[in-house]
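Descriptive analysis of the structure
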Amino acid sequence: MTDATATYTGPHGPKPKRRLSPTNIMLYGTLFVVAVYYLLPLYVMIVTSLKGMPEIRLGNVFAPPVEVTFEPWVKAWAEACTGINCDGLSRGFWNSVQILVPSVILSIAVASVNGYALANWKFKGSEVFFTILIFGAFIPYQVMIYPIVILLREAGEGISAVTGTNFRLMGSIWGLVIVHTIFGMPILTLLFRNYFTSVPEELFKAARVDGAGFWGIYFRIMLPMSLPIFVVAIILQVTGIWNDFLFGVIYTKPDTYPMTVQLNNIVNSVQGVKEYNVNMAATLLTGLVPLVIYFVSGKLFVRGIAAGAVKG
Amino acid sequence: MALTSEKLAEPVAAPALAEDTPSVAIRNLDLAFGSVKVLQNLNLDIRQGEFLVLLGSSGCGKSTLLNCIAGLLDVTGGQIFINERNVTWAEPSERGIGMVFQSYALYPQMSVRGNLSFGLKNQRLPKAEIEERVNRAAGILQIENLLDRKPAALSGGQRQRVAIGRALVRDVDVFLFDEPLSNLDAKLRSELRVEIKRLHQKLSNTMVYVTHDQIEALTLADRIAIMRGGVIQQLDAPQTIYNKPANLYVAGFIGSPSMSFLDAETVESGGTTALQVGARTVPLDGYEGEGPLAPGRKVVFGVRPEHIVVTDAADPAAHVTATVDLDEPMGSDSLLWLDMDGHKLSVRIASDANYAPGSTVGLSFDLSKSSIFDTQSELRL
C-alpha cells in the first residue's frame, strides 16, 4: 500500500535535543559558577607567587604578572626561615616523605589484614571487636592527644632501657608514624572489611579446599583481586597524612616537623615584611603532593570507592 | 548408644550400613548456628563409588551437610569418616575431597592452568607431576585449548568445566558438588548433567551432589537422600523413591506434575481390605504396601498423573468418576485436570485425546504404583 521509500510524516527517528533548554542552562551555569568559585583562589595564588613584591604592593590581586619571576618559589623551597633554620620548605618536605612512606605502608598492611580477618575468618567476638574499632573513628582526637604523648614517652624510654640506647618515640618521626598508623586503623579496616566481604564466599572456600591457609589466601587470592581498594586506601592515607597538621605539631620537634607545620611557621612568622609571593609559592608547593595524587588516580579512586562502598 | 539415637533421629528408617567400608560415613552429626539447629543427629553412609544426591528445597540443610563433609563448617557434634579415617577435625585440604561450587569460584586473576594447579602447588608437588595432572584433567574435560585463558574469558559452561577440573586434578576419592548447574541456562544444564554422569562412569569416584532440581537428582543418582528440616526423609534408589515414597512429603516433592492426593478410608469389602474414595470403593488388588492394611483407617491415597487411566464414565472397570476441569497440552502429552468431589486430580493423557471441560469421565488407578499414607503419621502404609 505504502511505498517503502516514502518519506515519513510526523515524528520519526530519535527525538531532537535542544542545546539551550532551560535544564541545560541551569546545569552548565551552576557547574561554571562552582568551577570558578574553586579555581579563583588557585588562580590568585599562582599569579601572586609569580610576581615580585613591588608588583604585589600595587594591589591588583587578579592581574596577571607583568614581570614573571620564579624567585619566590626558589626562596620558599630553599631559603625561607623558620626559627633558626633557613633552609626553606625542603627540610619539611623530606620530613613529610619520611613520615608518609612508612605510615602509609604500615597502616595499609595492618588494616588490610585486619579487614581480611574480620571478613573471612570470623572468630568468636569478631563483630564486637569490629564495632569497637569503628567506634574509635568517632572519638574526638583531642581526647587522645595527651594520653598518647605519655604512651609514646614511656614506650620510648622502655625501648631505650631494654636496648641500652637513647631511643625516643616522643618527638621522633617514628612516634608520628605509629600515631598515624593507629588513627588510620578504623576507617581503613572498615574499607577493607567491606571490600573483602563483597568477594564471593565460595572463592574463599575453594581456596581452603585447595589447601591454602590464612596467609596463602590473603597473598595469592585476595591481594591480587583488590587493587582498586588498595588504591583508595593509598590515596586516603597519602592525602590524610600529608595534610596532617595537628599530630605533626604535637608529636614531633622543630627538626622533624612535617611540611605542613613548617608552612604554617613560614606564613605566620611575625618578623620582617610579609612576603606574600613566597607564602603563596610555599603553600602551592605543600599542596602539590595531594594534587598530583588526585590527578593521577582520579579514575581508579572513583572505581575503588564504589567497590568498597559501605554495606552490611 | 549410637544405635539407639540413630533410631530416634530417623523418622523413616535408619540408613542401612553398607556391606563394604563406606566411602563417607556420618555419625550422629549435629550442627547449630547459635541456637538454630540445622542438623540434628544425622547418620549417613555413602558407599564406595556411589553417586549420592542430597535433594531438598532451600533451607533443608543439604548444603550445610555438604559443607560439613568438606570441612568448611565446624560441626557441633558427631563424627565424619572418609574412607574409615576420622576427619572430623581435619582441614578441608586434608580430607581427600574435591569440591565444585555453584558460582564456579574460579580465582579470577589466575589463568585456567593456574586455577587447576593452585591446589597442587599448595601440596608442593613436583612441577612435572603438576603439569601431568593438569594436562590429564584438561584432556578428560576437553579444556586443553582454554588453559591459558583467564576465567573472565570463558563461558558459563566452560567455567564450570574448569571448576570440575580443579577437583579432578586433586586425585581424590570423594567429589562434592554444591548445586553446580544452577547458574547455567537450561540447555547447558542438561548437557553438563550428562557430562557429569559420564565422568562418574569413567572415574567411579564417590560423588556427593547437592541440588534442589529433582530431574538432576533422578537422572544422576545411584541413591537420593531427600532432606527436610535437617532430617533425611528417605534414602533410596531414584526409582524406589519415585514409586514408593516413604512419606507424604517425599511423595509431594518428587514428580512433576506432582502426585494427586485423595482423602480416603480403608474399609472391609468381600473379605479383603478396600479403599473408600468418595462414594466409590477401590479394591486394593496389586497394591504393594509396607504391610497388611487394617480396615477403618483414615488414609491419604496418592497416585501419579501417569498412573491413572481415563475411561468412559459408564465403564464398569473405572474406579471413580470425575469432572474434566481443563486440558494442558505439553507437547509430548497432555495434562488433564479433573475435579472429584472437590479434590483436584491431574492425569497424563495422550496429546491427541480430547475431553471437553465439564464432561464426566471414569478413572481407573494403577494400584501397583500408587501409595497410601496414614493421615496422622504421613508414612506410607
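Residues numbered from 1 in each chain as written. Chains lettered and ligands numbered in written order. Predicted model: local features only at pLDDT ≥ 70, side-chain atom pairs only at ≥ 80, totals over all residues. Heavy atoms only, no water.

Another point: the overall build of chain B. A tally of regular secondary structure across chain B gives nine helices and 20 strands. Here the C-alpha coordinates of chain B stretch approximately 80 × 55 × 35 Å along the principal axes. When the accessible surface of chain B is totalled, it reaches about 16,700 Å², and 50% of it is carbon and sulfur. Within chain B, the 46 negative side-chain charges are centred at a point lying 9 Å from the centre of the 36 positive side-chain charges. (Helix = DSSP H or I, 4+ residues; strand = E, 2+ residues; numbered from the N terminus. Areas by Shrake-Rupley, 256 points an atom, 1.4 Å probe, with all protein chains shown as cover. Lys, Arg positive; Asp, Glu negative; His and termini not counted. Charge placed at Lys NZ, Arg CZ, Asp CG, Glu CD.)

A word on the pairing of strand β9 (residues 223-228) of chain B. Residue and element names in this part refer to chain B. Of all the six residues making up β9, five are buried; the element is thus mostly covered by neighbouring parts of the structure. With four bridges joining them, strand β3 (residues 51-55) and β9 adopt parallel strand pairing. Note that in β9 the partner of L54 across the bridge is A225. Two elements, β9 and strand β10 (residues 231-236), share five bridges in a ladder whose sense is antiparallel. Among the inter-strand pairings, M227 is bridged to a residue of β10, identified as I232. (Buried < 20%, exposed > 50% of the residue type's maximum accessible area, 1.4 Å probe, protein only. Pairing = 2+ DSSP bridges.)

In a soluble, globular protein the nonpolar side chains are often hidden away together inside. Counting 93 residues, the largest nonpolar core has B:L44 and B:L65 as its most contacted members. The biggest single contributor to this core is helix α7 (residues 173-198) of chain A, with eleven residues. With residues near it in sequence (within four places) discarded, B:L65 still touches B:I26, B:L29, B:L39, B:L42, B:L44, B:L54 and B:M227. Within the second largest apolar cluster, 46 residues are counted, among which are B:I143, B:L192, B:L199 and B:Y209. (Core = buried A, V, L, I, M, F, W, Y, C linked by side-chain atoms within 4.5 Å. Contact = heavy atoms within 4.5 Å.)

Partitioning chain A into domains gives domain 1 (22-69) and domain 2 (98-255 + 296-307). Computed from C-alpha coordinates alone, the two centres of domain 1 of chain A and domain 2 of chain A are separated by 39 Å. (Domains from an automatic or database assignment.)

What follows is about the confidence of the model for chain B. Scored by pLDDT, chain B comes out at a mean of 88, with 95% of its residues at no less than 70. Contacts for the low-pLDDT stretch residues 1-18 of chain B, under 50 throughout, to residues beyond four places or in other chains number 26 contacts. (pLDDT = per-residue confidence, 0-100.)

The next subject is the domain arrangement of chain B. Residue and element names in this part refer to chain B. Each domain of chain B was delimited in the assignment, giving domain 1 (2-96 + 172-253) and domain 2 (260-374). For domain 1 versus domain 2, the distance between C-alpha centres works out to 34 Å. Domain 1 puts ten residues into the contact, and the matching count from domain 2 is nine residues. Overall, the association of domain 1 and domain 2 removes approximately 830 Å² of surface from exposure, summing both partners, and the carbon and sulfur fraction of that is 54%. Among the residues domain 1 hides against domain 2, the three largest losses belong to Y242, K244 and L248. Together they make up 58% of the total. Connecting domain 1 to domain 2 are one salt bridge. Where K244 meets E288, a salt bridge forms, and the shortest distance between an N and an O atom there is 3.0 Å. The tally of links between domain 1 and domain 2 comes to three residue pairs in polar contact (both at pLDDT 80 or more). For the side of domain 1 that touches domain 2, the secondary structure elements donating two or more residues are α8 (238-243) and α9 (248-253). (Buried area = accessible area lost by both parts, 1.4 Å probe. Salt bridge = Lys/Arg side-chain N within 4 Å of Asp/Glu carboxyl O. Polar contact = N/O pair within 3.5 Å; in protein donor to acceptor, adjacent residues only side chain to side chain.)

This part takes up the sheet that holds strand β1 (residues 24-33) of chain B. Residue and element names in this part refer to chain B. In space, the four strands of this open sheet follow the order β2-β1-β4-β5, with antiparallel pairing throughout. Both edges of this open sheet fall to β2 (36-46) and β5 (85-86), since each of them pairs with a single strand only. With two bridges joining them, strand β4 (residues 77-82) and β5 adopt antiparallel strand pairing. Bridge pairing in β5 links I82 to R85. Helix-sheet contacts for helix α2 (residues 62-70) involve β1, β2 and β4, and the interaxial angle to β1 is about 115 degrees. (Axes fitted to C-alpha atoms, helices over the stretch in contact; angles between N-to-C directions.)

Quick look at the pattern of salt bridges now. All names here are of chain A. Enumeration over the complete set of coordinates arrives at 26 salt bridges over all chains. Here R91 ties to D87 by a salt bridge, and the two come within 3.1 Å at their closest N and O atoms. Since its relative accessible area comes to 24%, R91 is described here as partly exposed. Given a relative accessible area of 26%, D87 falls into the partly exposed group. Between R153 and E154 there is a salt bridge, with its nearest N and O atoms 3.4 Å apart. E154 gets classed as partly exposed once you look at its relative accessible area, which sits at 43%.

Residue and element names in this part refer to chain B. Tallied over the full model, the rule gives zero disulfides over all chains. Free cysteine: C60, not disulfide-bonded; nearest cysteine sulfur from C68 at 13 Å. C68 sits in the buried class, given a relative accessible area of 1%. (Disulfide = S-S within 2.5 Å.)

The next thing to look at is the UniProt feature "domain: ABC transporter" (unreviewed entry) in chain B. Per the UniProt record, "domain: ABC transporter" (unreviewed entry) is annotated on residues 24-254 of chain B. Overall, residues 24-254 of chain B shows 37% helix and 26% strand. The separation of its end C-alpha atoms is 25 Å. (UniProt positions renumbered as here; feature names shortened; annotations may be inferred.)

All names here are of chain A. Listing the buried residues of helix α5 (residues 126-135) in full gives S126, F130, L133 and I134. Looking down the long axis of α5, one finds its buried residues gathered within 95 degrees of arc, a one-sided arrangement. When the buried face of α5 is taken as reference, the exposed residues oriented beyond 90 degrees from it are V128, T131, I132 and F135. (Arc of directions from axis to C-beta.)

Time to look at helix α5 (residues 156-168) of chain B. For α5(B), with 13 residues, the first-to-last C-alpha span of 18 Å sits near the 18 Å given by 1.5 Å per residue. The buried fraction of α5(B) is high, at ten of 13 residues. Listed in full, the buried residues belonging to α5(B) are B:G157, B:Q160, B:R161, B:V162, B:A163, B:I164, B:G165, B:R166, B:A167 and B:L168. Packing partners of the buried residues in α5(B) comprise α8 (201-209) of chain A together with β6 (97-100), α3 (112-122), α4 (127-141), β7 (174-178) and α6 (186-203) of chain B. (Expected span 1.5 Å × (residues − 1).)

Bringing the packing of α3(B) against α4(B) into the picture now. Residue and element names in this part refer to chain B. Put simply, α3 and α4 touch, their axes get as near as 10 Å, and they point 130 degrees apart. Considering their axes alone, α3 and α4 lie oblique with respect to each other. Judged by the twist between their axes, the crossing of α3 over α4 is right-handed. The residues of α4 that touch α3, namely those facing R113, L116, S117, L120 and K121, are I130, E131, R133, V134 and N135. Looking at the contact of α3 with α4 residue by residue, the class counts come to four nonpolar, two polar and four charged. (Parallel < 35°, antiparallel > 145°, perpendicular 65-115°, else oblique. Left-handed = near helix turned anticlockwise from the far one by under 90°. Nonpolar A, V, L, I, M, F, W, Y, C, P; charged D, E, K, R; others polar.)

Residue and element names in this part refer to chain B. The sheet contact formed by β1 and β4 spans five bridges and is antiparallel. Residue pairing in the sheet places R27 in a bridge with Q79 of β4. Connecting β4 to the antiparallel partner β5 that follows it, the hairpin turn spans two residues, and N83 within it adopts a positive phi of roughly 50 degrees.

So, on to the interface of chain A and chain B. Tallying the contact residues gives 14 residues for chain A and 27 residues for chain B. Interface area for chain A against chain B, summed over the two sides, is near 1,700 Å², with a carbon-plus-sulfur share of 58%. Per-residue buried area on chain A facing chain B is highest for A:E202, A:V209 and A:D210; these three make up 39% of the total on that side. Summed over the shared surface of chain A and chain B, the result is two salt bridges. Salt-bridge contacts for A:R208 lead to B:E91; the nearest nitrogen and oxygen are separated by 3.5 Å. Among the elements of the structure, α8 and α9 (214-225) of chain A are those that each provide at least two residues to the side of chain A that touches chain B. Residue composition of the side of chain A that touches chain B, by class: eight nonpolar, one polar and five charged.

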